[in-house]
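# A look at the structure
This is what each chain is made of:
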Amino acid sequence: MSPTLTKRLFSKAGLLVLALVTLLLTIGVSQLFKGARVDLTQDRLYTLSEGTQNLLKKLDGKATLQFFYSENQTRELPFLRNYARRVTELLEEYVLASNGKLRLEVIDPEPFSENEDKAAEYGLQAVPLGGPGKEAYMGLVITNDEDDSKREVIGFLHPDKERFLEYDISKLVYSVVQKSRPKIGLVSTLQVNGGYDMMSRQPSGPWMSISQLRQMYDVDDLGTAFDVIPEDINLLVVIHPKELTARTRYAIDQYVVGGGHALIFVDPNAESDQAGGGMMGGMMMGMGGDKSSSLPTLFKAWGIEMDKSKVLADGTLALSVGSPSGRPVRHLGILGLNEQSFNNDDVITSMLNSINVATSGAVIQLEDAPTDVEVLLHSTKNAMLMDASLFAMLFDPSSLYKDFKATGIEYPLAVRVTGMVKTAFPDGRPPEPEPEKAETGEDGLKAEEEEEEEPATEAKESEEEIKAAKELPAHIAASMQPVNVIVVADTDLLTDRLWVQKNNFFGQDIVQPFANNGDLLINMVDNLLGNADLISIRSRGQFSRPFDKVSELELQAEERFYQKEEELKQQLAETDAKLQQLQATKEGEDALVLSPEQQAEVERFVQEKLKIRKQLRDVQHQLSKDIEKLGTQLKLINILAVPILITLIALGYRASRRRRQV
């Protein structure tokens, strides 16, 4: 560069022109690459997952995202402000990726303002911040632009649920905007939609797990007797298939073999089954109240089996219940599954914390299984299968321990079955059950008379049956594509008592989950519906990034200095022991008076004690000082490393150019 040009460039006018050019370039680049993003975080936290992007591409309509955040009220709470910024940035990413289908409004509901009234109208919850009258909103309302009645609300976006933030938002956007929801066919012999509780002699409401399912999907109750499953059913959910007819079991078989996905809940002892139970509930199984269910023929075709005469007992996962003596006793059949019992490689169970089950069975893969069986939930090795009759007449759960002997086997409670299968009904559709023959006597004569009087009617019914048979789908002998079925050996996990607690708050039922049973059901349904997009969103990383290295060094420093502290304490104990030894040698009145040796030892002890106390204080001080020093060093490295690296590259480039010019 010539000296004249350098002089012009660094003149006032030159610098002004340079600043103006820089400003214009900045504006131009920001407009030109408005949607461009470079995310260098470990888990790509600032980038929407592929599942979310796929969902946004498939949206059927438009929606408005209203983020209510009390910015002024949280000025002194950087933790909340940072999380609110994180939420805002994520919502902006949704809007950018939606291609105009989503719109974002960030609203500050200041106290006594119209926006606060609006937040209250949506049912958002203000959280007290400690000071008088200080409350903060941080909720989200998603509304369908074409239908105001379709609305979803997150009352408060709690920072502790950051890991599920993208999943929660995506799920609600999907629910609000979609014009049609997946349809689930429900088959249940239990009172999942409410009924009459024989135990309490009171009406019972619908199960919370099923109510949750109805909020997200269209659920069609198919009953328990049918010949065919409607074609518009996207997923079949079967709960406690007890005493189903052969034609109903055939319909389930053909649905699965034909490519339909199914979620099956069976049980060796369904405690919510009131058949024959009466007032005694589960105690009556051995007295005519069989509470078991299974689909042995279908399971065999799928390569699995569930022995409905055996209940899974686990000595490690057993939960405490009441006993006749009044003290809590661990019940070998009521289990609290934890993360050690989940398949952490499967998206259905990888994010769960706890699942409670009661008198469940075990699903075992057959040796000649034509399918692949993946275990989703399993017991510990401190488990065995016990006779179900032991649990049916159970008065004292502690009596189970007399027959308990762990086998060292981990028993599967829930499995996923995939692969090619053949029908469990190779001879085709089972025939209609023959109508009961009329008895002889008056009824028999009456039947004969009816046969003679209505031959034309009988012929007409026969024609209708033939016509109906022709309309039934053709028999499928083998699957044309891999089946996808999940089998769970427990139905009680869907009941409220094992995962939610209901409280009445000013006339409203407040439901508080204490286990992930409901999440497990929704995850399985999402997965089987092929909504892999939603499932894949659940396992995103966390925005918070602690200084792991600093924490590790803190632990090392603490260990080193605590060792020194223990040494000093040992010296203090030895000094005290020596003083006691001198006192023990004295007798009579001398025992009440300190000898010159003791006085000298006490003086030495006092001095030693002061010295030791000072050293201990130094230990504590040095510990804090070293931790702070280590943290500062790492922070400086994080802050200065990149600028220093860029400077070195620039200097190297300049030196290289000079060498080439020389």
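One structure accompanies this document, and this report is about it. (Residues numbered from 1 in each chain as written. Predicted model: local features only at pLDDT ≥ 70, side-chain atom pairs only at ≥ 80, totals over all residues. Heavy atoms only, no water.)

## Quick notes on the sheet that holds strand 6 (residues 151–154)
Read from one edge to the other, the open sheet built from 4 strands follows the order 2-1-5-6, with strand pairing classed as mixed. At either margin of the open sheet sits one strand with a lone partner, and together these are strand 2 (102–107) and strand 6. Across the sheet, the mean angle separating the axes of adjacent strands is 15° when strand polarity is ignored. Bridge count for strand 1 (residues 63–69) against strand 5 (residues 138–144) is 7 bridges, and the pairing is antiparallel. Bridging from a neighbouring strand, Ala63 pairs with Asn144 of strand 5. (Pairing = 2+ DSSP bridges. Helix = DSSP H or I, 4+ residues; strand = E, 2+ residues; numbered from the N terminus. Axes fitted to C-alpha atoms, helices over the stretch in contact; angles between N-to-C directions.)

## Considerations on the sheet that holds strand 17 (residues 355–358)
In space, the 3 strands of this open sheet follow the order 15-16-17, with antiparallel pairing throughout. Edge positions in the sheet fall to strand 15 (318–321) and strand 17, since each has one partner strand and no second. Strand-to-strand, the axes of this sheet are offset by a mean angle of 50°, without reference to chain direction. Summarising the sheet, strand 16 (residues 329–337) and strand 17 pair through 4 bridges and their orientation is antiparallel. Residue pairing for strand 17: Ile334 is matched across the bridge by Ala358.

## Concerning unusual backbone geometry
Most of the time, phi is negative for any residue but glycine, and the peptide bond is trans. Phi at Asn99 takes a positive value of approximately 60°, unusual for a residue other than glycine. Backbone geometry at Thr359 places phi at a positive 40°, although glycine is not the residue there. With respect to the helices and strands, the residue Thr359 is situated in the loop between strand 17 and strand 18 (364–365).

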